[in-house]
Amino acid sequence: LESCTSAATDKRRAIEGVAHALTLTAMQVRALLETLPILCREEGVLPCALDPHVRVSLLQTLAARCTEPAALMSLAHLYDPELFPLEEQLEARKRMGPAHTLDFANVSNPASNCASAHFWCDLAVNEQWVVGKFLVNLAVKEKGTNIANASYSEFKLGATTDFLVPGTWIPDPPRVGTVGLTYVDELPEYREPETRRKLFARVSGLKF
């Protein structure tokens with residue numbers, strides 16, 4: 001593939017044609033993705049006019065064949081700007097959904113999850129509700145104050161002008177309105193990787 005001179009879309013189609021027979025690690029998925037060009041808008045030039053997001057298109061196919069989904073959707077791969085620039089990361093989230101592309105282990109790291117630790121969740125949309133549910137429940141399980149800059153579209157101003165996530169949102173937040181919040185680690189040692197993995201698997205129904 002590296003020496004193949006075919007168009008990027010033809011390479012993608014060739015890989016997709018055999019993908020059903022493949023079982024891949026995250027590094028193997030990356031190696032296949034790297035045979036295709038990065039989206040490049042320098043001087044108005046695109047690597048492929050038919051599919052400018054050719055790597056994202058292949059990621060959609062290969063993600064289902066990957067045995068390490070958590071590693072694939074992490075700073076090591078999807079959120080590595082050398083593999084996927086921010087525009088491509090956002091396109092992957094748009095196509096595959098916020099739950100399927102969430103780097104749950106690094107929700108407090110502003111370098112991951114499309115270069116932001118601030119999340120906007122439309123609670124009427126199930127995948128976004130899942131992300132919101134994960135975040136508010138994780139904040140209860142991990143030590144410290146873990147939610148900052150919280151806002152909620154349905155919040156009515158009362159005695160306070162600051163929105164605080166209410167206890168009634170545990171375990172299930174409402175399915176109406178849009179919530180925004182930044183997830184933070186008050187101290188690095190308060191982060192619990194295994195708790196994050198188990199909780200996200202339970203909330204999302206995905207296997208890790």
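Quantities reported herein were computed from a predicted structural model and do not represent experimental measurements. (Residues numbered from 1 in each chain as written. Predicted model: local features only at pLDDT ≥ 70, side-chain atom pairs only at ≥ 80, totals over all residues. Heavy atoms only, no water.)

**Q** Describe the packing of aromatic side chains, naming the residues involved and giving the relevant values.
**A** Across all of its chains, the model carries six aromatic pairs by this definition. Residues Phe134 and Phe200 carry aromatic rings whose centres are separated by 5.1 Å and whose planes lie at 75° to one another, so their mutual orientation is edge-to-face. One end of the pair, Phe134, is in helix H6 (residues 126-141); the other, Phe200, is in helix H7 (residues 193-204), with 66 residues separating them in the sequence. There is no split in this pair, since Phe134 and Phe200 are both buried. Put simply, the rings of Tyr152, Phe155, Phe163 and Trp169 touch in pairs and so form one group of aromatic residues. Positioned over the ring face of Trp129 is Arg175, at 3.6 Å from the centre of the ring. (Phe/Tyr/Trp six-rings, centres within 6.5 Å; stacked < 30°, edge-to-face > 60°. Helix = DSSP H or I, 4+ residues; strand = E, 2+ residues; numbered from the N terminus. Buried < 20%, exposed > 50% of the residue type's maximum accessible area, 1.4 Å probe, protein only. Lys NZ or Arg CZ within 6 Å of the ring centre and 35° of its normal.)

**Q** Mind laying out the sheet that holds strand S3 (residues 178-183), listing which residues take part and the relevant values?
**A** Strand pairing in a sheet relies on backbone hydrogen bonds. The paired strands run either parallel or antiparallel. Across the sheet, three strands lie side by side as S1-S3-S2; this open sheet has antiparallel pairing. For this open sheet the edge positions go to strand S1 (118-122) and strand S2 (147-152), each flanked by a neighbour on one side alone. Neighbouring strand axes in the sheet, compared pairwise and without regard to direction, differ in orientation by 15° on average. Note: S2 against S3, four bridges, orientation antiparallel. For Ser151, the partnering residue across the bridge sits in S3 and is Gly180. (Pairing = 2+ DSSP bridges. Axes fitted to C-alpha atoms, helices over the stretch in contact; angles between N-to-C directions.)

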